[in-house]
Amino acid sequence: MRMYVFEQRQDRHSGLSKELRTAGLEAIFVTDEFFVTGIGQLLQQGHETSAILIGESEDMRRQIQVTRAAGCVNPIIVIRDFRNAQDTSELLNIGADDVIVSPIKGTELLSRTNSIIRRLYGHAGESVIVGELTAYFDGRDPIVSGSQIKLSKREYSVFQHLALNSNRVISKDAIYDAIYGTSIDQPFDKVIDVYICKLRKKFATASESGWQYIETVHGRGYKLSSPQPQSQIAS
């Protein structure tokens, strides 16, 4: 998961980056300019799972307000140096999703962010069931027909976006940008097709129905969908 971090105290960058990395979070440190020119990229489909982490500063209220005013729905989590109930209430009221007190733990931050994201996509529970497939939002590999399917890190990243958008179409470009958008070494654009093919094979092999679970919607993208009755397939 990608996390844009505003922390004006440079001496905290190393420790913060290390802590996030232990939980599988990619820290991208930004300056105040990000809240002027960088928010636009988060408004594109598929980028809603990138979180914004704002450290203690005099500008954090303005940063939250301009981010929400731009229409950005991404998780915003604020790190405070000290607990203050009144300030916490104010930050939540103007658009922050969560406020935590440092020092932070990467695993807790990941869980809090996952909780915000799944509610953003309309999922109240820890998982979603699509036919014989159970997809979890906490990092666990999916279950298909009672068996856990081992996914690679990239396979899971692709699958996560499909699961969050279960029964809805998500474009290949949206998946690609969400996973590789800021990477220096970006792979060829067919890489998403490769991962989709691998996921389909694993699901079809494990499922009692033989269903691949990932449907291609020509001209639009992919959709995680339940097995269809033979009458619908034939039509």
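Preceding this section is the structure that the text describes.
A. Spatial organisation of the pattern of salt bridges. In the structure shown here, the tally under the stated rule is 19 salt bridges. When the shortest N-O distance is used, the salt bridge between Glu7 and Arg9 registers 2.8 Å. Of the charged contacts in the structure, one is a salt bridge between Arg140 and Glu126, with a shortest N-O distance of 3.0 Å. Residue Arg140 is found in the loop between strand S7 (133–136) and strand S8 (143–144), and its partner Glu126 is found in the loop between helix H5 (106–120) and strand S6 (127–130); the two are separated by 14 residues along the sequence. Taken together, the shared-partner salt bridges connect Glu56, Arg61, Arg80, Asp87 and Glu90 into one network.

B. Broad picture of the sheet that holds S7. Ordered in space as S6-S7-S8-S9, the 4 strands form an open sheet in which the pairing is antiparallel. Two strands close off the open sheet at either side, each with one partner strand: S6 and strand S9 (147–148). When S7 meets S8, the two strands line up antiparallel, connected through 2 bridges. The partner of Thr134 across the bridge, within S8, is Ile143.

C. The packing of aromatic side chains, seen in detail. Across all of its chains, the model carries 4 aromatic pairs by this definition. Ring centres of Tyr4 and Phe34 lie 5.1 Å apart, and the angle between their planes is 20 degrees; this geometry places the pair in the stacked category. Within this pair, whereas Tyr4 is found in strand S1 (residues 2–6), its partner Phe34 is found in helix H2 (residues 34–38), the two being separated by 30 residues in sequence. Each member of the pair, Tyr4 together with Phe34, is buried. Taken together, Tyr4, Phe6, Phe34 and Phe35 form an aromatic cluster joined through their ring pairs. The residue whose ring lies beneath Arg140 is Tyr136, and the NZ or CZ to ring-centre distance is 3.9 Å.

D. Spotlight on the environment of Gln44. Structurally, Gln44 is set in the loop between H2 and strand S3 (51–54). Between the alpha carbons of Gln44 and Asp98 there is a distance of 23 Å; along the sequence they are 54 residues apart.

E. Structural detail: the side chain of Arg80. Relative to the helices and strands, Arg80 is located in strand S4 (residues 76–80). Ignoring sequence-local partners within four residues, the contact set of Arg80 consists of Glu56, Met60, Asp87, Leu91, Val99, Ile100, Val101 and Ser102.

F. Structural context of the nonpolar core. Counting 33 residues, the largest nonpolar core has Val158, Phe159, Leu162, Ile192 and Phe203 as the members making the most contacts within it. Only S6, S7, helix H6 (153–164), helix H7 (172–180), helix H8 (191–206) and strand S11 (221–224) provide two or more residues apiece to this core. Discounting residues that sit within four places of it in the chain, Phe203 has contacts with Leu133, Pro142, Val144, Ile149, Phe159, Trp211, Gln212, Tyr213 and Ile214. Phe6, Leu42, Ile52 and Val99 belong to the second largest nonpolar core, which has 18 residues in total.

G. Structural context of the sheet that holds S3. Across the sheet, 5 strands lie side by side as S2-S1-S3-S4-S5; this open sheet has parallel pairing. Because the sheet does not close on itself, it has two edges, and the strands there are strand S2 (26–29) and strand S5 (98–101). Neighbouring strand axes in the sheet, compared pairwise and without regard to direction, differ in orientation by 25 degrees on average. As judged from the 4 bridges shared by S4 and S5, these two strands associate in the parallel manner. By the bridge assignment, Val78 is partnered in S5 with Val99. The sheet contacts of helix H1 (residues 13–22) involve S1, S2, S3 and S4, and relative to S2 the element is tilted by about 150 degrees. Across the sheet, helix H4 (residues 85–93) lies against S4 and S5, angled at about 145 degrees from S5, the strand it touches most.

Basis of the calculations
- Residues numbered from 1 in each chain as written.
- Predicted model: local features only at pLDDT ≥ 70, side-chain atom pairs only at ≥ 80, totals over all residues.
- Heavy atoms only, no water.
- Salt bridge = Lys/Arg side-chain N within 4 Å of Asp/Glu carboxyl O.
- Helix = DSSP H or I, 4+ residues; strand = E, 2+ residues; numbered from the N terminus.
- Pairing = 2+ DSSP bridges.
- Phe/Tyr/Trp six-rings, centres within 6.5 Å; stacked < 30°, edge-to-face > 60°.
- Buried < 20%, exposed > 50% of the residue type's maximum accessible area, 1.4 Å probe, protein only.
- Lys NZ or Arg CZ within 6 Å of the ring centre and 35° of its normal.
- Contact = heavy atoms within 4.5 Å.
- Core = buried A, V, L, I, M, F, W, Y, C linked by side-chain atoms within 4.5 Å.
- Axes fitted to C-alpha atoms, helices over the stretch in contact; angles between N-to-C directions.

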